[in-house]
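# Coordinate analysis (summary)
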Amino acid sequence: MAEEKNQETKTVPFYPDHITYEAKVALGFGVLLVALGVWGLFNPLGLGPPADPMDTPAHAKPEWYFLFLYQLLKFIPETIGATAPVLGLIALAFLPFLDRKQQKTTRAMLIRGGITLLVTLLLVALSVWGEVS
Amino acid sequence: MNHTFRTILLTVLLISIGLFSAASVHALTAQPPAGGNLSSQGEPPAGMTPEPQKDTCIHCHVSGSFSNIWVPTLRWLTFGSAGLLLLFGVTRSASVWRQREAWTPLPQRVKAWIDERYQLSEFLEPILSKPVPEWQQRWWYCLGGLTFFFFVVQAVTGTMLAFYYKPTPQEAYASIQFIENEVLFGSAVRIIHHWSANAMIIMAFAHMARVFIMGAYKPPRELNWIAGVILLTATLAFGFTGYLLPWDQRAYWATTVGTDIAGAIPVIGELSLIFLRGGWNITAVTLSRFYALHIMILPLVTVLAMLMHFLMVRRQGIMKPL
């Protein structure tokens, strides 16, 4: 179960070497976040107009990570459009039981890479469309 | 010289140095009145006698009216010899001090102290010394860790925001304005919280894509993948619940749309909608509910799922690539 380590694989101890490596990556992103914060001191996020239950704005839409779903719902009937993502999520969770083939071929990886690329492009396209409509 | 003697000598010397320095500084630096203050007859100006405390000793004894030199001479001799004795004592103590046995460094002593009581080093040794193969340092293996990093950032910035945020429809909007305008670094914390949320979602998807492409969800890693899906759902739920909290138009109506979609699910839809909104409409109840989810329930679920996820990864190791 544990990963095999053959003679040629160089290894480093988790502490201090690998932890230092991870800390540096985290620090790099931390610096970016601090820079973002400094920028935010002069350009705060701000708020839109306060909530008014009586006044529905023309372009109500969810946050960007749900836009693809929202856009999809515009041409798929509501019932299917609401259940499909939930079923999709459950199917995603059970993926390891649906695909159990063990062979690690490059071909299999490329196929999965292709699927990922397609799905990503689809989601991005739907999100952008959702944003501009 | 034994330890006690050294300590006492050092203390006495240090106190004496202190007193001597104070006396000297006072004696030599007390200022006489500025400018010529004696009249043509050698008298101080009317009503302006030099105050004894502010007049230097030098002033009268050397350049003034006293001609007696024995008193100052005796003073200089006694205090001078005392000073020389002090200097000798200091130098001698310093050299004795430098010859002492070096103490073990503090971190080492702390570690030994803890190990005596809890044997922590023994416990940590296999965890910390685990060998990490070189190939695990490629960039795509960092994505999961980065997701965790952004989660920690969210926890910290979120807590800071929670210090000032008020979760009622009447005060939410104003409290966020207060954070942005009045609280020191409030706008910085808020913008970091906003963008780290987006970054965390992107990293989570990227990490999932990497695991998917490399087929690292296959047996024996099925449960780990399920834990990951739970984490993805929790992350999206964080986003959904957090978005309502500013209680502005965009937040209110985005949540309306979102919960309407949930309501469209057959069989359980209506119940889901009422459960999410705490009623038929979005009200103060909804805000409280979403806030409780956002700061209590979801963090708990996420931490537990992360714990499982990390333990499983640690136990099974990263899947070796082709």
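Residues numbered from 1 in each chain as written. Chains lettered and ligands numbered in written order. Predicted model: local features only at pLDDT ≥ 70, side-chain atom pairs only at ≥ 80, totals over all residues.

## Digging into the overall build of chain A
For chain A, the helix and strand inventory stands at five helices and one strand. Ordered by position from the N terminus, the helices and strands of chain A form the series β-α-α-α-α-α. A compact globule built from 133 residues should have a C-alpha radius of gyration of about 14 Å, whereas chain A, at 23 Å, is more than 25% larger. Taken along its principal axes, the extent of the C-alpha atoms in chain A is 70 × 45 × 20 Å. Taken over 133 residues, chain A has a buried fraction of 10%. (Helix = DSSP H or I, 4+ residues; strand = E, 2+ residues; numbered from the N terminus. Rg over C-alpha atoms; globule rule 2.2 N^0.38 Å. Buried ≥ 20, exposed ≤ 12 C-beta atoms within 10 Å, placed from the backbone.)

## Overview of the overall build of chain B
The secondary structure content of chain B amounts to twelve helices and one strand. The long-range fraction of contacts in chain B, counting pairs at least 24 apart against all pairs at least 6 apart in sequence, stands at 69%. (Contact = placed C-beta atoms within 7 Å.)

## Some remarks on the domain arrangement of chain A
Partitioning chain A into structural domains gives domain 1 (11-44) and domain 2 (61-133). Placing a centre on the C-alpha atoms of domain 1 of chain A and another on those of domain 2 of chain A gives a separation of 31 Å. (Domains from an automatic or database assignment.)

## Observations regarding the interface of chain A and chain B
Counting from both sides, the interface comprises 62 residues of chain A and, opposite them, 68 residues of chain B. Elements that contribute at least two residues to the side of chain A that touches chain B include exactly β1 (11-13), α1 (14-42), α2 (67-73), α3 (78-93), α4 (95-98) and α5 (106-132) of chain A. At 14 residues, the largest contribution of residues to the side of chain A that touches chain B is made by α1(A). When grouped by side-chain class, the residues that make up the side of chain A that touches chain B number 37 nonpolar, 13 polar and twelve charged. Pairing between β1(A) and strand β1 (residues 131-133) of chain B: three bridges, direction antiparallel. Within β1(B), the position partnered with T11(A) by the bridge is P133(B). (Nonpolar A, V, L, I, M, F, W, Y, C, P; charged D, E, K, R; others polar. Pairing = 2+ DSSP bridges.)

## Quick look at the domain arrangement of chain B
Accessible area lost during the coming together of the parts is what is often quoted as the interface size. Split into domains, chain B comes out as domain 1 (3-29 + 53-98), domain 2 (102-130) and domain 3 (140-316). Placing the centre of domain 2 of chain B and that of domain 3 of chain B at their C-alpha centroids yields a distance of 38 Å.

## Notes on helix α3 (residues 70-98) of chain B
Under the 1.5 Å per step criterion, the end-to-end length of α3(B) is 42 Å for 29 residues, consistent within 8% with the ideal 42 Å. With respect to burial, α3(B) is a largely exposed element, only zero of its 29 residues being buried. (Expected span 1.5 Å × (residues − 1).)

## Details of the confidence of the model for chain B
All names here are of chain B. Counting all residues, the mean pLDDT for chain B is 89, and 89% of those residues have values of 70 or more. For chain B, per-element mean pLDDT is lowest for helix α2 (residues 57-61), which scores 67, and highest for helix α6 (residues 143-162), which scores 97. In the predicted complex, the global pTM is 0.76; the interface-specific ipTM is 0.91. (pLDDT = per-residue confidence, 0-100.)

## What to know about the packing of helix α8 (residues 186-213) of chain B against helix α9 (residues 222-244) of chain B
Residues and elements named next belong to chain B. As a packed pair, α8 and α9 sit with axes 10 Å apart at the nearest point and diverge in direction by 160 degrees. Here α9 runs roughly antiparallel to α8, going by the angle between their axes. Where α8 crosses over α9, the two elements pack in a sense that is left-handed. Between α8 and α9, the residues in contact are A197, M200, I201, A204 and M208 and G228, L231, L232, T235, G239 and G242, respectively. Taken together, the residues of the contact of α8 with α9 sort by class into seven nonpolar, four polar and no charged. (Axes fitted to C-alpha atoms, helices over the stretch in contact; angles between N-to-C directions. Parallel < 35°, antiparallel > 145°, perpendicular 65-115°, else oblique. Left-handed = near helix turned anticlockwise from the far one by under 90°.)

## A closer look at helix α7 (residues 172-181) of chain B
Since the α-helix advances by 3.6 residues per turn, residues separated by three or four positions end up pointing in the same direction. Residue and element names in this part refer to chain B. Looking only at α7, the buried set comprises A172, Y173, S175, I176, I179 and E180. Considered in projection along α7, the buried side chains sweep an arc of 165 degrees and stay on one side of the axis. Where α7 is buried, its residues contact α6, α8 and α12 (284-316). (Arc of directions from axis to C-beta.)

## Focus on the confidence of the model for chain A
Detailed reading of the predicted model is not advised wherever pLDDT is low. The predicted model of chain A has a mean per-residue pLDDT of 88, with 94% of residues at 70 or higher. Per-element confidence in chain A ranges from a low mean pLDDT of 86 for β1(A) to a high of 94 for α1(A).

## Points about the nonpolar core
Of all hydrophobic cores here, the largest spans 48 residues; its most connected members are F150(B), M200(B), A204(B), W247(B) and A251(B). Breaking this core down by element, the ones donating at least two residues are α6, α7, α8, α9, α10 (249-263) and α12 of chain B. Considering every element that reaches this core, the biggest residue donor is α8(B), with twelve residues. By size, the runner-up hydrophobic cluster in this structure holds seven residues, among which are L67(A), F68(A), L73(A) and A82(A). (Core = buried A, V, L, I, M, F, W, Y, C linked by C-beta atoms within 7 Å.)

## Focus on unusual backbone geometry
Cis geometry is adopted by the peptide bond preceding P16(A), which originates at Y15(A) and carries an omega value of 5 degrees. Structurally, P16(A) can be placed in helix α1. Along the chain, P219(B) connects to P220(B) via a cis peptide bond; the corresponding omega equals 5 degrees. With respect to the secondary-structure elements, P220(B) resides in the loop between α8 and α9. Its identity as a non-glycine residue notwithstanding, Q119(B) has a phi of 50 degrees, on the positive side. By the element assignment, Q119(B) lies in the loop between α4 (106-118) and α5 (120-128).

## A look at the environment of K10(A)
All names here are of chain A. In this structure, K10 sits in the segment before β1. Residue K10 is classed as exposed on the basis of its C-beta count, with 10 C-beta atoms lying within 10 Å. Separated by 64 residues in the primary sequence, K10 and K74 have C-alpha atoms spaced 54 Å apart.

## As for the environment of L72(A)
All names here are of chain A. Of note, L72 is situated in helix α2. Residue L72 is classed as partly exposed on the basis of its 18 C-beta neighbours within 10 Å. Residues L72 and A82, ten residues apart in the sequence, show an inter-C-alpha distance of 9.7 Å. In contact with L72, not counting residues within four places along its chain, are G81 and L126.

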